[in-house]
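If you want the building blocks of each chain, they are given just below.
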Amino acid sequence: MSNAEYIARAQEALTEIAEKCQDALDLESKIEMIDYEGFILYSGDLQSYHDLIVTFLRNMMHVDVSIVISEGFLCDFTECEVKFFLGKKRVLALMIHLLQDIVLFRNELRIRDYMDMFSEIFKKEMAESMKKKTRNDVKNLNTQINIATSRGDKIDALTLRKSLKEKDLDVWTQSKKEAGMNADRISVEIGKLSKEQIISRILAGAPTDPELVSRVKTLLKQVIYLRHLDNLCNHQAKVEAGDPEEIIAQGFDSHLGWIQVLEEAHGLL
């Protein structure tokens, strides 16, 4: 197939991702984990996105990243409604986040920093879910108390249950706050890691089985490609917006730093 045909197929997958990520899904509540501090972070939604990303890459990676935009690739700057644990993401950034942070760093390499961060985020989501449930319980008890009062019935038992539920609500509120702070702290710490520390973590988590090593190297190549593409799209957007050249260069070099780290790690596996 020609470059244009590969790009067209990849563009179809990208469009599907952009449309899919507008659905405000509560992904976190669908995560299937026996132990959220364990090795696998999985959900049907996550798998669906992963499949689309692989389809995108299997086509797009036939074309050298340096020429994809000139060959007709359309950068997508859609803001996704699905937050995937770390806030709204543009389509390409979302794809990088899923493929790098969740699939590669957490599930495959089991890098402790990422496992700890996602565990705290999952605790936060569970606490938020319990907050909603408990708040609804308190609301229902208030309704029951009002009905009982209007009938002249005793409300001691209902009042006690409401008091206990309100205490539970305070507990879940505090749990959510603490887990959120912990997740933010770990995220900041990850951002401060040096090139050598990141590479060390990747190599430490790498498997020894040749087939699994090949899988990790493929994932690294895919993430590297996505990062190159996202960098080119960001560069194009800043140029079109008329940003100063020094600002454009700084942003490009910043993203290039991560790419170089991943490329070096790939070469060492």
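This text follows the structure it describes.
Residues numbered from 1 in each chain as written. Predicted model: local features only at pLDDT ≥ 70, side-chain atom pairs only at ≥ 80, totals over all residues. Heavy atoms only, no water.

Comments concerning the overall build of the protein
Here is step 1: Within the protein, the secondary structure is distributed over nine helices and zero strands.
Here is step 2: Order of helices (α) and strands (β) in the protein, N terminus to C terminus: α-α-α-α-α-α-α-α-α.
Here is step 3: On C-alpha atoms alone, the protein measures out to a radius of gyration of 23 Å, which is more than a quarter above the 18 Å that the 2.2 N^0.38 rule sets for 269 residues.
Here is step 4: Along the first, second and third principal axes, the C-alpha set of the protein runs to 80 × 40 × 40 Å. (Helix = DSSP H or I, 4+ residues; strand = E, 2+ residues; numbered from the N terminus. Rg over C-alpha atoms; globule rule 2.2 N^0.38 Å.)

What about unusual backbone geometry?
Here is step 1: Although it is not a glycine, Arg110 sits at a positive phi angle of roughly 50°.
Here is step 2: Tracing the backbone shows Arg110 in the loop between α4 (91-108) and α5 (112-151).

Some thoughts on the nonpolar core
Here is step 1: Grouped together as the largest cluster of nonpolar side chains are 62 residues, with contacts concentrated most on Phe56, Met60, Phe73, Met95, Leu226 and Leu229.
Here is step 2: The set of elements that each furnish at least two residues to this core consists of α1 (3-20), α3 (44-60), α4, α5, α6 (156-191), α7 (195-205), α8 (210-241) and α9 (245-268).
Here is step 3: The leading source of residues in this core is α4, at 11 residues.
Here is step 4: Excluding residues that lie within four positions of it along the chain, Met60 makes contacts with Ile7, Ala10, Val68, Phe73, Tyr225 and Leu229. (Core = buried A, V, L, I, M, F, W, Y, C linked by side-chain atoms within 4.5 Å. Buried < 20%, exposed > 50% of the residue type's maximum accessible area, 1.4 Å probe, protein only. Contact = heavy atoms within 4.5 Å.)

Side note on the state of the cysteines
Here is step 1: Applying the stated rule across the entire model yields two disulfides.
Here is step 2: What pairs with Cys21 in a disulfide is Cys80, and their sulfur atoms sit 2.2 Å apart. Between Cys21 and Cys80, the S-S dihedral sits near -70°, and the bridge is therefore left-handed. Here Cys21, found in the loop between α1 and α2 (27-30), pairs with Cys80, found in the loop between α3 and α4; they are 59 residues apart in sequence, far enough to count as distant. For the pair shown, Cys21 and Cys80 are each scored as buried.
Here is step 3: Two residues share a disulfide in this structure: Cys75 and Cys233, whose sulfurs sit 2.1 Å from each other. The disulfide joining Cys75 to Cys233 has a torsion of about -80° about its S-S bond and is therefore left-handed. With Cys75 in the loop between α3 and α4 and Cys233 in helix α8, the pair connects residues that are 158 residues apart, well separated along the chain. For the pair Cys75 and Cys233, a shared accessibility class is recorded, and that class is buried.
Here is step 4: When the bonded cysteines of the protein are numbered from the N-terminus onward, they pair as 1-3, 2-4. (Disulfide = S-S within 2.5 Å.)

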